[in-house]
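# Secondary and tertiary structure notes
These are the residues of each chain, in order.
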Amino acid sequence: MWIVTGTEGDLIKLVSAKNVDGILPIGSYLTVTDDKNVKHILIVEKSYQKSLFEPSPLIVDAELPLLKQDQECKNIVLAREIRQFPLRPDGLFSFIKPNDYARRTSQQEIDEIFISKEGYPVFLATSFLSQNSTLKDDSGNLIYVRIPFDSLYLQTMICGQTGSGKTVAMKYLIEQFLAQENGAVLAINVKANDLLTMDQPTTIKNEKLQKQTDEEWNTLGFSRNEAPEFGIYVPASTQKHKEGVNRERVRSITLRTRDLEPNSLLGVLQNITDRAAEALPNIFRYWMERVHGEEIAFRNFIRWFRERATRENQYMFPTLSQAGEESEIPLHPGTCTAILRSLENAIDFFDSQERDCLAIREDHIMIPGRLSVIDLSNKDTIIFGAVLLRHLLSKIYEAKAIKGQYSEIPVLIVIDEVHHFYRSGASVQALEELNAIARMGRSERIGVIFASQNPEDLPVGLTSIVNTRIFFRSLGNVGKKFGVKEFSVELSSLENGFAVMSSVAVPQVRLVKFPIPLMGVKS
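These lines cover the structure that appears in this document, whether it is placed above or below. Please read these numbers as outputs of a predicted model, since none were measured by experiment. (Residues numbered from 1 in each chain as written. Predicted model: local features only at pLDDT ≥ 70, side-chain atom pairs only at ≥ 80, totals over all residues. Heavy atoms only, no water.)

## Some thoughts on the overall build of the protein chain
Looking only at helices and strands, the protein chain has nine helices and 22 strands in total. On the principal axes, the C-alpha backbone points of the protein chain span a range of 100 × 55 × 45 Å. Here the protein chain, with 523 residues, has 56% of them falling under the buried criterion. For the protein chain, contacts bridging at least 24 residues in sequence account for 75% of all contacts bridging at least 6. Surface exposure of the protein chain reaches about 24,400 Å², of which carbon and sulfur atoms provide 47%. Counting 60 positive and 66 negative side-chain charges, the protein chain places the averaged centre of each group 1 Å from the other. (Helix = DSSP H or I, 4+ residues; strand = E, 2+ residues; numbered from the N terminus. Buried < 20%, exposed > 50% of the residue type's maximum accessible area, 1.4 Å probe, protein only. Contact = heavy atoms within 4.5 Å. Areas by Shrake-Rupley, 256 points an atom, 1.4 Å probe, with all protein chains shown as cover. Lys, Arg positive; Asp, Glu negative; His and termini not counted. Charge placed at Lys NZ, Arg CZ, Asp CG, Glu CD.)

Structural data, given as structure tokens:
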């Protein structure tokens, strides 16, 4: 029990009652019920101890008889009011008066102020002395809140150092999205087996962590389920199988030139001027519409491009815009050489004749309840990933927003280390695609999760289109830089699994702990 003593600035000041023998950590929730039975919900922003009796330095070491009263301490709390209910009929809001009593908020009261009944649950968390713990009520029960899935359709950014819990959180969000939204998930795996074992039950060797996880799963009513429908796609001509990964789920993929979205070619370009980068899709479109013969193959486009570049040493290229307008554009010889080099480096990923190789399309992804992971952990496949990602995003956007297909299927796209795929000079066009998806995300139920160890690696402009920011342990002042109010919690001190959240869907939720998913984690 805590007692209101007054205000300090815009915060409510409270002091612990005699029966309280501890310090309420930052991030805790308190409930004050006033004389009109209005409940005020407060979140603790500052908490410290104050000794009632402070002996003189001259007598503290005098070995005088110790009295219990001499050791009495109080917990001083500064908390911000975030909600009150029920609302008064006269349109006014009630005061929190001195001597009102406060207690820890119950799960029922949390459910009352965070009204989402559907969504992925996360535990509310606290911090003190750079130590984190999950929030509990007066009975010791864990307190959680549901983050509405609609927040995913407003785009999400997840950042954090290696081992901070970023990847586990991504797996958890994928698992919840598949189970509750029955949506289609496209995820990009860029490191080891991170997302390649989502069909395998979570195993935890540490007894303490297992006990904690069991308590969390029991609180949320989780139980072991069957593995989701799951497929792993690897680029043709790269290693197909990895140790610890179910071979039956792996399949080689390629891109068919005849199906290729012209703007996807921007993914192959590196160190090219913006003007040249803008020209390549229109040059490719011209070749597709006006030049190609019976066999539409990537190598034929490269051959045509090379011949065109050297014809009379003029380096003039015909173009065809999306609107159907023809024109010509000159390219610098050095630029032509750089484009040719980039195209030739990518040739193995197109039109593969490898046995059982799948020419991947959006309909392979848009399956309810299915997780499709594209493995790009081989560093030589990043270019393929940059092209494929643009191609699939464009096709998914076209199918849902223009053709009206798959309207009943929500989609979640998870891009880990996103800066690998959007770092070329053509990032402006790339971000336009992502912007288009972000704008239609809520109406068409398309969500994108951008993940990175360092938020400063994210392409310029990308952070402006996300409405939920989740920061696990991070160095530097990135929280404030990216609009996350830390309220006395340092991002650099967060323990594994704990994160500071800033979401327009649930602005009152700040410090949370992500549960460990049922599948895909080995600890």
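## Brief notes about a nonpolar patch on the surface
Together, Leu58, Ile59 and Leu64 make up a nonpolar patch on the protein surface, roughly 350 Å² of accessible area in all. By secondary structure assignment, the location of Ile59 is in the loop between strand S4 (39-51) and strand S5 (73-85). On the accessibility criterion, Ile59 (41% relative accessible area) is partly exposed. (Patch = residues over 30% accessible without salt bridge, like charges linked within 9 Å, V, L, I, M, F, W, Y side chains within 5 Å. Salt bridge = Lys/Arg side-chain N within 4 Å of Asp/Glu carboxyl O.)

## Quick notes on the environment of Phe230
Looking at the secondary structure, you find Phe230 in strand S12 (residues 229-235). Among the residues examined, Phe230 registers a relative accessible area of 4% and is labelled buried. When the C-alpha positions of Phe230 and Ser372 are compared, they lie 6.0 Å apart, and in sequence the two are 142 residues distant. In this structure, Phe230 is in contact with Leu195, Leu196, Met198, Asp199, Arg249, Arg370, Leu371 and Val373, ignoring residues within four places of it in sequence.

## A closer look at the packing of aromatic side chains
Summed over the entire model, instances satisfying the criterion amount to 18 aromatic pairs. Arranged with centres 6.4 Å apart and planes meeting at 85°, the rings of Tyr29 and Phe114 form a pair that is edge-to-face. Pair noted here: Tyr29 is in strand S3 (residues 29-33) and Phe114 is in the loop between helix H1 (107-113) and strand S7 (120-128), with a separation of 85 residues, a long-range link. We note that Tyr29, like Phe114, is buried. Between the aromatic rings of Phe149 and Phe177, the centroid separation amounts to 6.3 Å while the plane-to-plane angle is 75°, which identifies the pairing as edge-to-face. Highlighted residues: Phe149 in the loop between strand S9 (144-147) and strand S10 (156-159) and Phe177 in helix H2 (residues 166-181), separated in sequence by 28 residues. Across this residue pair, the class does not change: Phe149 and Phe177 are buried. Put simply, the rings of Tyr120, Phe149, Tyr153, Tyr172, Phe177, Phe222, Phe472 and Phe514 touch in pairs and so form one group of aromatic residues. (Phe/Tyr/Trp six-rings, centres within 6.5 Å; stacked < 30°, edge-to-face > 60°.)

## Some details on the nonpolar core
Counting residues in hydrophobic clusters, the biggest one holds 82 residues, and the most contacted among them are Ile283, Phe301, Phe305, Leu343, Ile374 and Phe421. Grouped together as the second largest cluster of nonpolar side chains are 61 residues, Tyr120, Phe149, Ala499 and Ile516 included. (Core = buried A, V, L, I, M, F, W, Y, C linked by side-chain atoms within 4.5 Å.)

## Examining H2
Spanning 16 residues, H2 covers 21 Å between terminal C-alpha atoms, matching the ideal 22 Å at 1.5 Å per step. Taking burial as the measure, the 16 residues of H2 include 13 buried ones, the bulk of the element. Where H2 ends, the next residue or the one after it, Asn182, has phi of about 50°, a positive value. (Expected span 1.5 Å × (residues − 1).)

## What to know about the side chain of Ser16
Structurally, the position occupied by Ser16 is in strand S2 (residues 11-16). Take Ser16: its relative accessible area is 2%, and that puts it in the buried class. Within the local environment of Ser16, its side chain forms a polar contact with the backbone nitrogen of Asn75, the two atoms lying 2.8 Å apart. Those residues in contact with Ser16 that sit more than four places away from it in its chain are Met1, Trp2, Lys74 and Asn75. (Polar contact = N/O pair within 3.5 Å; in protein donor to acceptor, adjacent residues only side chain to side chain.)

## Things to note about the packing of helix H5 (residues 298-310) against helix H6 (residues 333-345)
The interhelical angle for the contact between H5 and H6, taken along N-to-C directions, is 165°, at an axis separation of 10 Å. Here H6 runs roughly antiparallel to H5, going by the angle between their axes. At the point where H5 passes H6, the crossing takes the left-handed sense. Contacts between H5 and H6 involve Phe298, Phe301, Ile302, Phe305, Arg306 and Ala309 from the first element and Cys336, Ile339, Leu340, Leu343 and Glu344 from the second. (Axes fitted to C-alpha atoms, helices over the stretch in contact; angles between N-to-C directions. Parallel < 35°, antiparallel > 145°, perpendicular 65-115°, else oblique. Left-handed = near helix turned anticlockwise from the far one by under 90°.)

## Quick look at H6
Its 13 residues place the ends of H6 18 Å apart at the C-alpha level, agreeing with the 18 Å of an ideal helix rising 1.5 Å per residue. Within H6, the full set of buried residues consists of Thr335, Cys336, Ala338, Ile339, Leu340, Ser342 and Leu343.

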